[in-house]
Amino acid sequence: MKIVVTYSSKQGLHEEFKKRFHHAREIPADFFAEGDSIETINSVMAAIRSGGHEVTGIEADDTASEKLDQIRPDLVFNVAEGLFGDFRESYIPLVCERLGLPYTGSDPLTLAICLNKARTKEILNYYSIPTPTFRVIHPYQKFDLSDFSFPAIVKPIAEGSSKGIFDDSVVDDPKQAKKKIEESIAKYNEPVMIEKFLDGDEFTVAIWGNGKDVEVLPIVAINYDDLPEGARHIYSYEAKWIWDTPEKPLEIFKCPAPLTYLQQRNIEDVVRDTYRVMTIRDWCRIDIRMDEQGIPHVLELNPLPGILPNPEDNSCFPKAARTKGYNYEAMVNKVIEFARTRYGI
Ligand SMILES: Nc1ncnc2c1ncn2[C@@H]1O[C@H](COP(=O)(O)OP(=O)(O)OP(=O)(O)O)[C@@H](O)[C@H]1O
Ligand SMILES: [Mg+2]
């Protein structure tokens, strides 16, 4: 097949940012947490080539639509998280819909909803899928948190890769919460969410396939013992991008997670239900945390899961796939197979 990989490289994001926000304030340090590295892009392209396909890469910028229309590939392998705005992850899928091109992964609606953690949780609530209690606070809105249960965590509603989730995002009382909420609104200029903090074990679960072929990959447990002393037990921006380095990697993940049969089944059930009600296609990573009673709660979904190629980079989707016997090439080609079957290509 002729396949195009669409991506948002760190370099591309930099250029787009300069072009659009030339008079912008200083770029926040965590702004580029989401961009793909050249290494990831090359690895995805090499994996697709190893599957016997012809492959081209396209940056998800202003010219992407025109280029896709010129090439008219048999399939678009989409990993582009886009540049800005609440619908950035929907950009390439929407272009593909417009051009009538098949693409991997979820549709624009699902990607947009999953990027909005609060909207996602509203849907999960509707289907009685457990997710921590929460409240959304809009810029300029007056709020009173005296009846909210603490500790809690404050996060921007539409970010990923732990942008906006720092060690000090966990708050113990309404006063601390107010300060953090105001700070977050000032920085990201978007609504914030305050959510009940669940102190139980945390897992991230890779799941892929469609219809009857949905498979939950081995569960990844997140272990906080290796975090610096006094750090909150969360997988924060610091834990993801500062404390974990290739030279001194944090021993933060365990896959397969040490779980009893029943615990594993409970998590898998919640993850499968979530995948279905959110109408995910092909693949996704779902973050889960246990409450005091050991009931798995959904924190959020990542329908464009990170896929850093180096095992030392601790990227969880590839890690789970590897544990199941799929190396990087096999993983990428399996996603292509899922999309192909779905479209009947
Ligand atoms: N309600 C909560 N209770 C306990 N811990 C939480 C809660 N919400 C978030 N966390 C912690 O913060 C981390 C980051 O939160 P979340 O997954 O919502 O952010 P993200 O930036 O979208 O992450 P990702 O990199 O997975 O896209 C979680 O992995 C978890 O450790
Ligand atoms: Mg997460």
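Right, let's walk through the structure included here. (Residues numbered from 1 in each chain as written. Chains lettered and ligands numbered in written order. Predicted model: local features only at pLDDT ≥ 70, side-chain atom pairs only at ≥ 80, totals over all residues. Heavy atoms only, no water.)

So, on to the overall build of the protein. A tally of regular secondary structure across the protein gives 11 helices and 13 strands. Against the compact-globule benchmark of 20 Å for 345 residues, the protein has a radius of gyration of 20 Å, which places it among compact chains. Across the 345 residues of the protein, 55% fall into the buried class. Excluding contacts between residues fewer than 6 apart, the proportion of contacts in the protein whose partners are at least 24 apart in sequence is 71%. (Helix = DSSP H or I, 4+ residues; strand = E, 2+ residues; numbered from the N terminus. Rg over C-alpha atoms; globule rule 2.2 N^0.38 Å. Buried < 20%, exposed > 50% of the residue type's maximum accessible area, 1.4 Å probe, protein only. Contact = heavy atoms within 4.5 Å.)

Attention shifts here to helix H7 (residues 174-188). The first and last C-alpha atoms of H7 sit 21 Å apart over 15 residues, in line with the 21 Å expected at 1.5 Å per residue. Against the buried residues of H7 lie strand E4 (134-137), strand E5 (152-156), strand E6 (170-171) and strand E7 (192-196). Taking the backbone nitrogen of Lys175 as reference, a side-chain oxygen 3.1 Å away marks Asp173 as the first, capping residue of H7. Backbone geometry just after H7 places Asn189 at a positive phi near 50 degrees. (Expected span 1.5 Å × (residues − 1). Polar contact = N/O pair within 3.5 Å; in protein donor to acceptor, adjacent residues only side chain to side chain.)

This paragraph deals with the sheet that holds strand E1 (residues 2-7). The 3 strands are arranged E2-E1-E3 in an open sheet whose pairing can be described as parallel. A strand with exactly one partner marks an edge of an open sheet, and here the two such strands are strand E2 (54-59) and strand E3 (75-78). If you compare each strand with its neighbour and ignore which way they point, the axes differ by 25 degrees on average. Across 4 bridges, the pairing between E1 and E3 is parallel. (Pairing = 2+ DSSP bridges. Axes fitted to C-alpha atoms, helices over the stretch in contact; angles between N-to-C directions.)

Now for the coordination of the magnesium ion (ligand 2). Only Asp287 (OD) and Glu300 (OE) from the protein coordinate the magnesium ion (ligand 2), and they sit 1.9 to 2.0 Å from it. Taken together, the residues Asp287 in strand E12 (residues 283-290) and Glu300 in strand E13 (residues 296-302) connect sequence positions 13 residues apart. Each member of the pair, Asp287 as well as Glu300, carries the same accessibility label: buried. (Donors = N, O, S within 2.8 Å, 3.2 Å for Na, K, Ca; no water.)

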